[in-house]
Amino acid sequence: MSTDTPDAGENAPGDAGEPPARAELAARVDELEARLAEGDDADDGGKKMSIIATKGTLDMAYPPLILASTAAAFGYEVTVFHTFWGLDILHEERSTDLKLSSVGNPNMPVPNVVGALPGMDRVTTSMMERRIEDNDTATIEELIETSLEMGVEFQACQMTIDLMGYDEDDFYDGVRTGVGAATAIQDMAEADIQLLI
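Residues numbered from 1 in each chain as written. Predicted model: local features only at pLDDT ≥ 70, side-chain atom pairs only at ≥ 80, totals over all residues. Heavy atoms only, no water.

Novice: Which parts of the structure should I look at to understand the overall build of the protein?
Specialist: Broken down by element type, the protein carries seven helices and five strands. When its helices and strands are written in sequence order, the protein yields α-β-α-β-α-α-α-β-α-β-α-β. Across the 197 residues that make up the protein, the buried fraction comes to 30%. In the protein, of all internal contacts separated by at least 6 residues, the share reaching a separation of at least 24 is 70%. Accessible surface for the protein amounts to roughly 12600 Å². Of this, 52% is attributable to carbon and sulfur atoms. (Helix = DSSP H or I, 4+ residues; strand = E, 2+ residues; numbered from the N terminus. Buried < 20%, exposed > 50% of the residue type's maximum accessible area, 1.4 Å probe, protein only. Contact = heavy atoms within 4.5 Å. Areas by Shrake-Rupley, 256 points an atom, 1.4 Å probe, with all protein chains shown as cover.)

In structure tokens, the structure reads:
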């Protein structure tokens, strides 16, 4: 028969099979907390976050930027590796013209059939831009500048730069170009938090 309490014959912590006293438990907790604190002190720095940004639509530009700037505000060392369409977020010209897709997003205020009509992406993008402005939400450019000021490292995938025919001068000042997948993987391996967006 199974019970939640140990059998009298089992060796339990404390004297003569008795459960440990509160004072003994408190001492153990204090010891563990001290050991954890020593481990934190031995750490070579703060926490690290690594984000991979792969999408370049207006709605998908915000999550990596908001998460990166917020983590940096909490003292994290943050890198954001932008690849494929996510690279457009860092492109000075293209980042000002990101679109919101009206198809394939069940939360859009229009059915997919209507969203597929020509020009609907322009309509839904305008709606979102108006909402961003009305709510005084930071723009993509403002979030990038704020993040850079807070020490976030934005990395532009070199393979994607070559693939898209971009020039390294096309990106915001402070963006690190010439970064490959090996660097991104190393950042992720060393990070406490890894996100793919």
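Novice: Would you mind going over the pattern of salt bridges with me for this structure?
Specialist: One side chain can pair with another of opposite charge once the charged atoms of both are near each other. All chains considered together, the criterion is met by five salt bridges. When the shortest N-O distance is used, the salt bridge between E24 and R28 registers 2.8 Å. Linking E24 with R28, this pair stays in helix 1 (residues 22–42), spanning four residues, or about one helical turn. The class for E24 is partly exposed, based on a relative accessible area of 30%. The class for R28 is partly exposed, based on a relative accessible area of 37%. For D97, the salt bridge goes to K99, with nearest N and O atoms at 2.7 Å. Residue class for K99 comes out partly exposed when judged on its relative accessible area of 37%. (Salt bridge = Lys/Arg side-chain N within 4 Å of Asp/Glu carboxyl O.)

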